[in-house]
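Chain by chain, the residues:
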Amino acid sequence: MSADTDTAPAAVVGPARRTASPWVLMYHSVAEFTDPAEDPYGITVTPGALEVQLLWLRSRGLRGVSVGELLRARDAGRAAGLVGLTFDDGYTDFLTHVLPLLRRHDCTATLFVLPGRLGVDNVWDPLGPRKSLLTAEGIREVAAAGQEIGSHGLLHQDLTAATDDVLRQELQGSRDLLRELTGNLPEGFCYPYGHLDARVVAATRAAGYGYACAIDPGRLAGPHALPRTHISQADGGARLRVKQVRHQARELRRVVLP
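Residues numbered from 1 in each chain as written. Predicted model: local features only at pLDDT ≥ 70, side-chain atom pairs only at ≥ 80, totals over all residues. Heavy atoms only, no water.

Asker: Just to check I follow, could you spell out the overall build of the protein chain for this structure?
Answerer: Looking only at helices and strands, one finds seven helices and 12 strands in the protein chain. Its C-alpha atoms give the protein chain a radius of gyration of 17 Å, within 12% of the compact-globule value 18 Å for 258 residues. With respect to the principal axes defined by its C-alpha atoms, the protein chain has extents near 45 × 45 × 35 Å. When the 258 residues of the protein chain are sorted by exposure, 52% land in the buried category. In the protein chain, 64% of the contacts between residues at least 6 apart in sequence involve partners at least 24 apart. Counting only carbon and sulfur atoms, one obtains 55% of the accessible surface of the protein chain, whose full area is about 11100 Å². Averaged over its 28 positive side-chain charges, the protein chain has a centre that lies 8 Å from the centre of its 29 negative ones. (Helix = DSSP H or I, 4+ residues; strand = E, 2+ residues; numbered from the N terminus. Rg over C-alpha atoms; globule rule 2.2 N^0.38 Å. Buried < 20%, exposed > 50% of the residue type's maximum accessible area, 1.4 Å probe, protein only. Contact = heavy atoms within 4.5 Å. Areas by Shrake-Rupley, 256 points an atom, 1.4 Å probe, with all protein chains shown as cover. Lys, Arg positive; Asp, Glu negative; His and termini not counted. Charge placed at Lys NZ, Arg CZ, Asp CG, Glu CD.)

Quick look at the structure:
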């Protein structure tokens, strides 16, 4: 990657080589709102803000792509100028607001969906507001548009508190359902709430996922616990640059320090 999107080459630490994680941005809902009280969890950006953020990336020589595409490009040594775009939960506004902007700016993204909650809403957010989730047909439409579909589990549960049986169902069961919906096994998983531990990471790998996204996984960081940068309505160019530098610094510390 370029100096703007990656850190120095990973240092050898003991018998293994640690690899810096690529820069991956985390979004949720994209919808119009004017009052911050309408977004109590800080997970919504307006379409106008998203477009400004995509334009900022392009002004820095960066293009947003799905995580699967980003990791394949990195493995092939072609990831310079790429940054990952992810959207959690599978809101219907991905079709109405996000997809047109991705097309306009020649970007792709990964949409993490909940096949156990098709066509309902975000019941796990007690403060609301209620936001509708994609139906099976909506998920197929997103996939047909060239966007990556990943699993967010079945029901948006904290997997660290799940029994082994529930954990297997959330991981493998959701993966199988998405294969039925789209015709393809999803490559990626996203941990609900960003909660994970060593048991959950090992189970995710065992379920066959090629990668998994977290938020701040600490020492568990790796292909099945990729860190991501939360993006909010307030993030203009200056704030995005600060977040980019923080990511670079964190990854530099991780690959160098024992």
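So much for the structure itself; the text now carries on.
Asker: Where do I start with the pairing of strand E3 (residues 24-27) in this structure?
Answerer: Remark: a regular strand shows side chains that alternate across the two faces of the sheet. Side chains Val 24 and Met 26 of E3 all project onto a buried face; the interleaved residues Leu 25 and Tyr 27 project onto the opposite face, where all are buried too. Pairing geometry for E3 and strand E7 (residues 82-88), over four bridges, is parallel. Its bridge partner lying in E7, Val 24 is registered against Gly 84. Here two bridges tie E3 to strand E12 (residues 229-230), and the two strands are oriented parallel to one another. Opposite Leu 25, over in E12, you have Thr 229 as the bridge partner. (Pairing = 2+ DSSP bridges.)

Asker: Any chance you could explain the pattern of salt bridges here in plain terms?
Answerer: If the charged atoms of two oppositely charged side chains come close together, the side chains can form a pair. Scanning all chains against the criterion turns up 13 salt bridges. A salt bridge links Glu 69 to Arg 63, with the shortest nitrogen-to-oxygen separation between them at 3.5 Å. Among the residues examined, Glu 69 registers a relative accessible area of 26% and is labelled partly exposed. Note that Arg 228 is salt-bridged to Asp 88, the shortest N-O span being 2.8 Å. (Salt bridge = Lys/Arg side-chain N within 4 Å of Asp/Glu carboxyl O.)

Function-wise, these values are silent; they only describe arrangement.
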